[in-house]
Amino acid sequence: MAEPLLVVDGVTCRFGGLVAVNAASLGAQEGQITALIGPNGAGKTTLFSIISGFVRANQGSVHFAGQNVTGEPPYRLARRGIARTFQIVQPFYGLSVRENILVGAHLHHRKRDAALAVADQIGRDVGLGEMLDRAADQLTVAGRKRLELARSLATEPKLLLLDEVLAGLNPSEIRDIVPVIREFCRRGITILMIEHVMQAVMSLAEQVFVLAEGRIIAKGTPTEIVADPAVVEAYLGRGAAARLGARHGH
Amino acid sequence: MRPFLPIAAVLAVLAAVPFVVHSNTTLNFLVVALMIALAGQGWNILGGYGGQYSFGHAAFFGTGTYVTAILQVRYGVNAWFGFVGGIVAGAALGGALGALVFRSGLRGSYFALVTLAFAEVLRIIASVAPITGAGVGTLIKLDLGIRTFQFQSRAAFYWIILALVGVSLVLAQLIERSRFGAWLIAVRENEDAAKALGVDASTVKTVAMVISAAITAAAGCFYAQYFLFVDSGIAYGTWISIEALLTPIIGGVGTVFGPLLGALVVKTLGEAAKLLTGDAPGLDLIIYGTVLVLVIWIMPRGLIGGLASARKLMRREAPAAPTGEVRHG
Ligand SMILES: Nc1ncnc2c1ncn2[C@@H]1O[C@H](COP(=O)(O)OP(=O)(O)OP(=O)(O)O)[C@@H](O)[C@H]1O
Ligand SMILES: [Mg+2]
């Protein structure tokens, strides 16, 4: 297999006494969708923040497209082609939807007209075509998630880090947005997504990494992962796999 | 070209004023108002578009004033070069302070306090340093002429300050529609989100501070030529820090015309309050302050923001056929 586009190697991150990420390693294969799952507080968002330069790791390295990018500031990583969304959406509330996306589009388009054309196109691609002139603070939760996605896509990234873009959406909203993610992957964007909605993980991801208490405890295809006793235990508590297995036996 | 039409129209109207108004008192009033508008536009670039509220723009105003005066008086530099020197010095100071402050990650009230303290330190230094004339101040010798940048006619000064205001309006308009402007506004709205989209926030803020400082310094340079005198209380006093931030806030923060509108309104208000109260001491200031508080209370986005909301309200009441106007964000 070719060298993955993103390689995280032995990353550890401490907040005071708390070890949020503990010697975690993972990779995202170019052109694929990789999922990162794990219970609440496992350290998933922290790991994303390290990859995108917002948090410094105490140990370990991050390589992107074959280069060591450990500790680079966020704006420089964005210019290299790493885009992220925020779990707690961070729109520019005072601006219109179009102006929000425009900021991302300006990364590779200096001219306003060219950037506006890109912004409008991406806005339509994620299903915000009707809302472009609205103020960002008028969007629903689902709309804000789409905006978060659109803005990061507008930077024309190679790698897109999605932090729970489906959280808080109802099933029909999820059904609408899953094909959008798949489509951008088809266009060549490598995707690493944190997701709790297992149904979406099963249908989208080719590789899954499981983080629990800061450690990567399992990796594999979605079907392998759901059958992994270690994963079941991480979610449901120690001994859960055995208890479930016993019940299946009867 | 279209976005510049309103600027051209406003400038044309203002340029005609001296043909109609001949009173020196009125022209003097307008010259000072425009000077404050210029200082306010400087503040507006960093504070209005960039969201970095400086409480110490006196630092730049005063540096412009002193450098213009000192270059002429002590080094015999031509007044016009002195003027340019003042702007350059202000910009350099803005760059140095910006690099220091933004790279160390100071934001919000910390930024406000640091700028305030910085201007205060400069004021104290200027009040004792021999080169500034210390407590006595620096007097530029009266010597009328184009070469010395001194004019008998108030109208000449009026047109000069109007031209400077015009340049600052065009600059604000250019910034508003540029990539730099989009980045600056993004930093104001949400710095982390901006960084994630590839914005080098501290550099963007520092560049904004350079432009901001240069414009406010230009107002200071003009002060020196117009009044031919400067001391530490004038140059680095809190009065100008306050006027520079008050005018855009009243007029409309982060808008092209906010500072100009704000300066005209605030200055008119001040004069009106004085006329109204006659010589009851301090009463004019109370009226002035009350009205300002009311304006900010009723229209938190300033007069221009208030007008925009009012217009939107009226449109909603009369939902006529689509106007077919093209909005470009
Ligand atoms: N800036 C910070 N300072 C201190 N502790 C932090 C900080 N950020 C995260 N933590 C802690 O680190 C741990 C991991 O948090 P993180 O947000 O990475 O988890 P997560 O896997 O994304 O959880 P969730 O599924 O709830 O989003 C948590 O215990 C959290 O409280
Ligand atoms: Mg999280």
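Reference entry: report on the structure contained in this document. Within every chain, residues take consecutive numbers counted from 1 along the sequence as written. Starting at A for chains and at 1 for ligands, labels are handed out in the order in which the entities are written. For a predicted model such as this one, the threshold for reporting local features is a pLDDT of at least 70, and the threshold for listing and counting side-chain atom pairs is 80 or more; totals across whole chains, interfaces and linings nevertheless cover every residue. Values shown for side chains rest on all heavy atoms present in the structure; no hydrogens or waters enter the calculation.

1. Focus on a nonpolar patch on the surface
The cut-off we apply is this: Distance thresholds for patches are 9 Å for like charges and 5 Å for nonpolar side chains (Val, Leu, Ile, Met, Phe, Trp, Tyr), applied to residues having over 30% relative accessible area and no salt bridge. In this description, accessible areas are obtained by the Shrake-Rupley approach with a 1.4 Å probe, and a residue is regarded as covered only by the protein chains that are shown. We define a salt bridge as a contact between a side-chain nitrogen of Lys or Arg and a carboxyl oxygen of Asp or Glu at a distance within 4 Å. Where helices and strands are cited, they refer to DSSP runs of H or I of at least four residues and of E of at least two residues respectively, numbered from the N terminus.
On the surface, a nonpolar cluster with roughly 360 Å² of combined accessible area is contributed by B:Y53, B:F55, B:L113 and B:L116. Relative to the helices and strands, B:F55 is located in the loop between α2 (24-49) and α3 (58-75).

2. Re the side chain of A:E195
All names here are of chain A. Operational definition: The rule is simple: take the accessible area with a 1.4 Å probe, protein chains only, and divide by the maximum for that residue type; under 20% is buried, over 50% is exposed, in between is partly exposed. Just so you know, the count uses Lys and Arg for positive and Asp and Glu for negative, and it drops His and the chain ends. We call two N or O atoms a polar contact when they sit within 3.5 Å, provided that within protein one can donate a hydrogen and the other can accept it, with sequence-adjacent residues counted only if both atoms are side-chain atoms. Every residue pair with non-hydrogen atoms within 4.5 Å of one another is taken to be in contact.
Relative to the helices and strands, E195 resides in the loop between β8 (190-194) and α7 (198-204). Buried and unpaired, E195 has K145 as its nearest opposite-charge partner, separated by 7.6 Å. Within the local environment of E195, its side chain forms a polar contact with the backbone nitrogen of V197, the two atoms lying 3.4 Å apart. Not counting residues within four places of it along the chain, the set of residues in contact with E195 comprises L36, I37, E164, V165, L166, A167 and V201.

3. Thoughts on the interface of chain A and chain B
Counted only if it meets this: By buried area we mean the combined loss of accessible area, with a 1.4 Å probe, across both parts when two parts are placed together. Under this grouping Gly is polar, as are all residues other than the nonpolar Ala, Val, Leu, Ile, Met, Phe, Trp, Tyr, Cys and Pro and the charged Asp, Glu, Lys and Arg.
Taken together, the 27 residues of chain A in the interface contact 23 residues of chain B. The three residues of chain A that bury the most area against chain B are A:Y75, A:F92 and A:R112, which together make up 26% of that side's buried surface. Taken together, the connections running from chain A to chain B amount to zero salt bridges. Linking chain A with chain B are five residue pairs in polar contact (both at pLDDT 80 or more). For the side of chain A that touches chain B, the elements supplying multiple residues, two or more each, are α2 (74-80), α3 (97-105), α4 (112-125) and α5 (141-153) of chain A. Taken together, the residues that form the side of chain A that touches chain B break down as 12 nonpolar, seven polar and eight charged.

4. Digging into the pairing of strand β4 (residues 59-64) of chain A
Residue and element names in this part refer to chain A. Our working rule: By definition, two strands form a pair when at least two bridges between them are found by DSSP.
In this sheet, β4 lies alongside strand β1 (residues 6-15) in antiparallel orientation, the contact comprising five bridges. Bridge pairing in β4 places V7 opposite H63. Here β4 pairs with strand β5 (residues 67-68) via two bridges, running antiparallel. Bridge assignment links F64 to a residue of β5, and that residue is Q67. Where β4 folds back on β5, the antiparallel hairpin that results is connected by two residues, among which A65 adopts a positive phi of roughly 50 degrees.

5. Some details on the site of ligand 1
Residue and element names in this part refer to chain A. Defined as follows: Near is defined per residue: the residue qualifies when any heavy atom it owns lies within 4 Å of the molecule or strand.
Not every one of the 13 residues close to ligand 1 is listed here, only the nearest: G41, K44, T45, T46 and Q87. Measuring from an oxygen atom of ligand 1, one finds a side-chain N or O atom of N40 at 3.0 Å. In this structure, T45 approaches ligand 1 through a side-chain N or O atom, which is 2.7 Å from an oxygen atom. Isolated, ligand 1 exposes 630 Å² of accessible area, and the fraction of that covered by the protein chains is 60%. Elements with a minimum of two residues in the shell around ligand 1: β2 (18-28) and α1 (44-51).

6. Some details on the sheet that holds β5(A)
Across a sheet, paired strands are connected by hydrogen bonds in the backbone, their directions being either parallel or antiparallel. If you trace the four strands from one edge of the open sheet to the other, you get β2-β1-β4-β5 (chain A), paired in antiparallel fashion. Whereas interior strands pair on both sides, the edge strands pair on one side only; in this sheet they are β2 and β5 of chain A.

7. Concerning the sheet that holds strand β3 (residues 33-37) of chain A
Residue and element names in this part refer to chain A. Filter applied, for reference: Fitting a line to C-alpha atoms yields each axis, with helices limited to the stretch in contact; the angle taken between N-to-C directions then spans 0 to 180 degrees.
Taking strand neighbours across the sheet as the criterion, the six strands line up as β6-β7-β8-β3-β9-β10 in an open arrangement whose pairing is mixed. Single-partner strands in this sheet number two, and they are β6 (82-84) and β10 (215-220). Averaged over all pairs of adjacent strands, the angle between strand axes in this sheet comes to 20 degrees, irrespective of strand direction. Judged from the four bridges that link them, β3 and strand β9 (residues 207-212) form a sheet pairing that is parallel. Of the residues in β9, the one forming a bridge with L36 is F209. Seen against the sheet, α1 touches β3, β6, β7 (159-163), β8 and β9 and runs at an angle of roughly 145 degrees to β8.

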